[in-house]
Amino acid sequence: MDWAGLIFSMILGGLAGGFVGLLLEREADKYIRSRFKKKNAISPETAVEFQQLELEGWVKARFRILVKQGKIKQTQDGRYYVDLME
């Protein structure tokens, strides 16, 4: 394989990896939102503690990212909810 082919393969592989990562993030986001809906944690009044969501594995890390991005809201007493209108 020549250098151009190698570079093209590396770029294509990187793009494919990024696409797969994006798909996994979206699926994790949907799964996390479904956990909130199942627990009816859709407002400050119905917010739940983190443990009640029963998240496992790398989905926990994605949860923390969504909190930092403001997509998951946290109450003053440390409970969480999602605003379905957003």
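Heads up: the structure comes first, above all this text.
*Asks:* Could you clarify how one ought to interpret the side chain of Arg-35 in this entry?
*Replies:* Assignment of secondary structure puts Arg-35 in helix α1 (residues 3-38). Residue Arg-35 is classed as buried on the basis of its relative accessible area, which comes to 10%.

*Asks:* Can you walk me through the nonpolar core in this structure?
*Replies:* Note that soluble globular proteins tend to have their nonpolar side chains buried in a common cluster. Among the nonpolar cores identified, the biggest contains 15 residues, and Ile-32, Phe-36, Leu-53, Leu-55, Phe-63, Ile-72 and Tyr-80 are the most heavily contacted of them. Of all the secondary-structure elements, those providing two or more residues to this core are α1, α2 (59-68) and β2 (80-81). Ranked by the residues each element gives to this core, the list is headed by α2, at three residues. In this view, Ile-72 contacts Ile-32, Phe-36, Phe-63, Leu-66, Val-67, Tyr-80, Tyr-81 and Val-82; residues no more than four positions away in its chain are not counted.

*Asks:* Just checking my understanding: could you explain α2 for this structure?
*Replies:* Side chains three or four residues apart in an α-helix point the same way, a direct result of the helix having 3.6 residues per turn. Taken together, the buried positions of α2 are occupied by Val-59, Arg-62, Phe-63 and Leu-66. Looking straight down α2, one finds its buried side chains confined to an arc of 105°; they lie on one side. Just past α2, the residue Gly-70 takes up positive phi, approximately 80°.

*Asks:* What's the story with the environment of Phe-36 in this structure? I'm lost.
*Replies:* Inspection of the secondary structure assignment puts Phe-36 in helix α1. By relative accessible area, Phe-36 is classed as buried at 0%. On a C-alpha basis, the gap between Phe-36 and Leu-84 in space is 9.8 Å, while along the polypeptide they are 48 residues apart. Those residues in contact with Phe-36, other than ones at most four positions away along the chain, are Ala-41, Leu-53, Phe-63, Ile-72, Tyr-80, Tyr-81 and Val-82.

*Asks:* In this structure, what is going on with the side chain of Thr-75? I would like to understand it.
*Replies:* Position of Thr-75 relative to the elements: it lies in the loop between β1 (73-74) and β2. When its relative accessible area of 13% is taken as the criterion, Thr-75 is described as buried. Separated by 2.4 Å, the side chains of Thr-75 and Asp-77 make a polar contact. Once residues lying within four places of it in the same chain are set aside, the contact partners of Thr-75 are Pro-44, Ala-47 and Tyr-81.

*Asks:* When you look at the packing of aromatic side chains in this model, what are you seeing that I'm missing?
*Replies:* What characterises a pair of aromatic rings is the spacing of the ring centres plus the angle enclosed by the ring planes. This model, assessed by the stated rule, comprises three aromatic pairs. Ring geometry for Phe-63 versus Tyr-80: centroids 5.0 Å apart, planes at 75°, classification edge-to-face. Residue Phe-63 is found in helix α2, and its partner Tyr-80 is found in strand β2; the two are separated by 17 residues along the sequence. Here Tyr-80 falls in the buried class, since its relative accessible area comes to 8%. Among the aromatic residues, those joined into a cluster by ring pairs are Phe-36, Phe-50, Phe-63 and Tyr-80. If you follow Arg-64 out to its NZ or CZ, it ends over the ring of Phe-50, 4.6 Å from the centre.

Calculation rules
Throughout this document, residue positions are counted from 1 along each chain, in the order its sequence is written. Two thresholds apply to this predicted model, a pLDDT of at least 70 for residue-level local features and 80 or more for giving and counting side-chain atom pairs, whereas whole-chain, interface and lining totals are computed over all residues. To obtain the side-chain values, all non-hydrogen atoms of the structure were used and water was disregarded. By the criteria applied, helices consist of DSSP H or I runs no shorter than four residues and strands consist of E runs no shorter than two, each listed in order from the N terminus. Only protein chains enter the accessibility calculation, which uses a 1.4 Å probe. A residue is then buried if its area is under 20% of the maximum for its type, exposed if over 50%, and partly exposed in between. Throughout this description, the term nonpolar core refers to a set of buried Ala, Val, Leu, Ile, Met, Phe, Trp, Tyr and Cys residues connected via side-chain atoms within 4.5 Å. Contacts between residues were defined by any pair of non-hydrogen atoms, one from each residue, lying within 4.5 Å. Each C-beta atom gives one direction from the helix axis, and the arc is the one those directions make. In protein, a polar contact means a hydrogen-donor-capable atom and an acceptor-capable atom, both N or O and within 3.5 Å, with residues adjacent in sequence counting only if both atoms are side-chain atoms; elsewhere, any N or O pair within 3.5 Å suffices. In summary, the pairing rule links any two rings of Phe, Tyr or Trp, Trp by its six-membered ring, whose centres are within 6.5 Å, and it sorts them by plane angle into stacked for under 30 degrees, edge-to-face for over 60 and tilted for everything else. Put simply, a charge is over a ring when the Lys NZ or the Arg CZ is close to the ring centre, within 6 Å, and near the line of the ring normal, within 35 degrees.

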